[in-house]
Amino acid sequence: MRKNYVSPDYMKDSFTCPHCGTLSLMNYKKVNYFNGIYQNTTNKKEGNGTSCVLIATCQHCKKNIIWIDDIYAYPDIIAEEANADMPDSVKQLYNEAGLIYNKSPRAACALLRLAIDRLCNELGETDRDINKNIGSLVRKGLPQPVQQALDVVRVVGNKAVHPGQIAFDVDEKNTAIMIMRLLNIIVERMITEPKEIDSLYQVLPESVKNAVENRDKK
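Everything numeric in this text was worked out from a predicted model, so none of it was measured. (Residues numbered from 1 in each chain as written. Predicted model: local features only at pLDDT ≥ 70, side-chain atom pairs only at ≥ 80, totals over all residues. Heavy atoms only, no water.)

Chemist: Mind showing me how you'd approach the overall build of the protein chain here?
Modeler: A count of helices and strands for the protein chain gives six helices and eight strands. The N-to-C order of helical and strand elements in the protein chain reads β-β-β-β-β-β-α-α-α-α-β-β-α-α. In the protein chain, the share of contacts with a sequence separation of at least 24, taken over all contacts with a separation of at least 6, comes to 49%. Of the roughly 12700 Å² that the protein chain leaves accessible, carbon and sulfur atoms contribute 51%. (Helix = DSSP H or I, 4+ residues; strand = E, 2+ residues; numbered from the N terminus. Contact = heavy atoms within 4.5 Å. Areas by Shrake-Rupley, 256 points an atom, 1.4 Å probe, with all protein chains shown as cover.)

Chemist: For this particular structure, what's the right way to read the side chain of Ser 24?
Modeler: With respect to the secondary-structure elements, Ser 24 resides in strand β2 (residues 23-34). Of the residues examined, Ser 24 reaches a relative accessible area of 8% and is grouped as buried. Engagement of the side chain of Ser 24 in a polar contact is seen with the backbone nitrogen of His 60, the distance being 3.4 Å. For Ser 24, the residues in contact, after removing those within four places along its chain, are Asp 13, Ser 14, Phe 15, Cys 58, Gln 59 and His 60. (Buried < 20%, exposed > 50% of the residue type's maximum accessible area, 1.4 Å probe, protein only. Polar contact = N/O pair within 3.5 Å; in protein donor to acceptor, adjacent residues only side chain to side chain.)

Chemist: Is there a simple way to explain unusual backbone geometry in this structure?
Modeler: Negative phi is the rule for most residues except glycine; trans is the rule for most peptide bonds. Going from Tyr 74 to Pro 75, the amide bond is cis rather than trans, its omega being -10 degrees. Position of Pro 75 among the secondary structure elements: in the loop between β6 (71-74) and α1 (88-100). In this structure, Met 11 takes a positive phi of about 70 degrees despite not being glycine. Within the fold, Met 11 resides in the segment before β1 (14-16). A positive phi angle, close to 50 degrees, is found at Asp 69, a residue other than glycine. Looking at where Asp 69 falls in the secondary structure, it is placed in the loop between β5 (64-68) and β6. Note on Asp 69: relative accessible area 37%, which makes it partly exposed.

Chemist: Could you clarify how one ought to interpret helix α5 (residues 172-202) in this entry?
Modeler: Since there are 3.6 residues in each turn of an α-helix, residues three or four apart along the chain are aligned in direction. With 31 residues, α5 extends 44 Å between its outermost C-alpha atoms, agreeing within 8% with the 45 Å of an ideal straight helix rising 1.5 Å per residue. A bend of about 40 degrees at Glu 188 is the largest found in α5. Within the span of α5, buried status applies to Glu 172, Thr 175, Ala 176, Ile 177, Ile 179, Met 180, Leu 182, Leu 183, Asn 184, Ile 186, Val 187 and Thr 192. (Expected span 1.5 Å × (residues − 1). Bend = angle between axes of the 7 residues up to and from the residue.)

Okay, structure coming up:
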């Protein structure tokens, strides 16, 4: 997961460039369609045309990022990179959702809901009911913050997408971003941190590890 990631946003002075991945200042140019012609202006706050294109130029890589009528258009971006330890079966869905959440946030929510199920499976749960999977993980010692994150994902995911129907009464784009963040938090707590602790334990001298194992048998 990238540190200090700032999502591209309309008229924001600086954000993480989706081309080069650098947190960079942006220069703006607006092209307005007004009275039948296109007119350029360097002031991003001016222009009352019926249609407009806002072009942000990254000052690091000099490539363009484009909004059309306040809607992000180019290039495709992932809201937040997947944790490196995210299982491949989950990461594939996560990345696909990240690439389309700007264009089709409800579809992204559906993919992320499946990613939650896959993550539960990767953590050893096999029930088709995500509520039962969460309950089982809690009984196995799932930390409370992670349990709360899973419950938030479950509730939000279920509200955004029910089997056989698509809800229109949620802010699907922000919902998708929140689910992606929570998936990364869960992977960090359940996979990355235990792996790092184990790697630290493995560098201990064998005599110390044997002493610990004998202590735990008492």
